[in-house]
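Analysis of the macromolecular model
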Amino acid sequence: MRIGILTSGGDAPGMNAAVRAAVRRGWELGLEIVGIRRGYAGLIEGEAVPLTPRDVGGIIEYGGTFLHTARCPAFLTEEGRRKALDTIDREKFDALVVIGGEGSLQGARWLTEQGVNVVGIPASIDNDIEGTELAIGVDTAVNTVVWALNRIRDTAFAHERVFLVEVMGRESGYIALMGGLAGGAELVLVPEVEVSLEELAQQVSSIYRKGKHHSIIVVAEGVIARLGSTEVIANFLRERTGLEVRVTVLGHLQRGGSPTATDRILASRFGAQAVEDAKAGIFGHMVAWQKGKVVRVPLTVVRRKQMAIDLRLYELVHQLAI
Ligand code: ADP
Ligand code: F6P
């Protein structure tokens, strides 16, 4: 059995660990594993490289993806899709393992609908994929936010300033909420909960009335999409509260770095399960994490989560910020 494996969409720390697990477990099961470079772009262009257990040595500790990844608009076109299916035929792939976020898994679903045998592996720092409590990369990204907040608190405290820290997550507030909770933020702004700038200014003023002299507000990028930029919030707060406000945008540093143990373990389990499923002839699903177990979720139900956060934890952040 010959299986193509690709990483697609935004990279997520732990993608390498997933490929390593798929290659090594697959090897033991007698499968031939072939890496496809640059996600769906490589599938269209036919960029295939056979992988042996030795080819994936020493990569478990690295973020990014040694196979490279891409956002691939061509895969949404008829011509691109035809070329991708041609590659699958030409390479004689019996199955594909697709590692990526919600968009990439929609691509996997489309391939399934064309009769291709596919197993998906959820990997995206946003944790916005319906059907899995955790995706590969989430834990590392949240830990990176905590790392950053620790440093920002030092200077926020020293200068008695308000800090707005913008984090990633697309339309999901997961990284903001969990990073904010673990990092001891005073407030988090997430797209799932609407808060007016006026309310925010009042909340900040009330923090200072309680005797605090600095505050950290974690802002999810999904909130910024509505407002234009984090500076808009900063200017409003400066005007209304008279406090000194600074903005830090964490940006792509949240996507890099050595994966945490949690991400390595999740990725290793997902990678191994995906090829075990392929060997057993079970396709059309993504492997997923639910209630402490690896489960299978049909690709047909994979979509972006409407509510990626636990609202009780949102309350908790603010309850603990007194
Ligand atoms: P992620 O997988 O991290 O969510 P994207 O949303 O950019 O990243 O998706 C990665 C790629 O998956 C896209 O560039 C495109 O090639 C493919 N893709 C995205 N959405 C779809 C879709 N609805 N149907 C088919 N392919 C899709
Ligand atoms: O999906 C992962 C993610 O990092 C989002 O949090 C962010 O909105 C987006 O990708 C950034 O995309 P790019 O790397 O293409 O700028």
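Residues numbered from 1 in each chain as written. Chains lettered and ligands numbered in written order. Predicted model: local features only at pLDDT ≥ 70, side-chain atom pairs only at ≥ 80, totals over all residues. Heavy atoms only, no water.

Topic: the overall build of the chain
- Helix and strand content of the chain: 11 helices and 11 strands.
- Since a compact globule built from 322 residues should have a radius of gyration of about 20 Å, the 21 Å found for the chain is in line with a globular shape.
- Projected onto its principal axes, the C-alpha positions of the chain cover 65 × 35 × 30 Å.
- By residue count, 53% of the 322 residues in the chain fall in the buried class.
- For the chain, the share of sequence-separated contacts (at least 6 apart) that also reach a separation of at least 24 residues comes to 74%.
- A total accessible area of about 13700 Å² is found for the chain, and carbon and sulfur atoms account for 51% of it. (Helix = DSSP H or I, 4+ residues; strand = E, 2+ residues; numbered from the N terminus. Rg over C-alpha atoms; globule rule 2.2 N^0.38 Å. Buried < 20%, exposed > 50% of the residue type's maximum accessible area, 1.4 Å probe, protein only. Contact = heavy atoms within 4.5 Å. Areas by Shrake-Rupley, 256 points an atom, 1.4 Å probe, with all protein chains shown as cover.)

Looking at the site of ligand 1
- Taken together, 16 residues surround ligand 1, and among them Arg71, Cys72, Gly101, Gly103 and Ser104 come closest.
- Here an oxygen atom of ligand 1 sits 2.5 Å away from a polar atom, N or O, in the side chain of Ser104.
- Its free accessible area being 550 Å², ligand 1 has 80% of it covered by the protein chains.
- Per element, the largest residue contribution to the shell around ligand 1 is 5 residues, and it comes from helix 4 (residues 102–113). (Near = heavy atom within 4 Å. Polar contact = N/O pair within 3.5 Å; in protein donor to acceptor, adjacent residues only side chain to side chain.)

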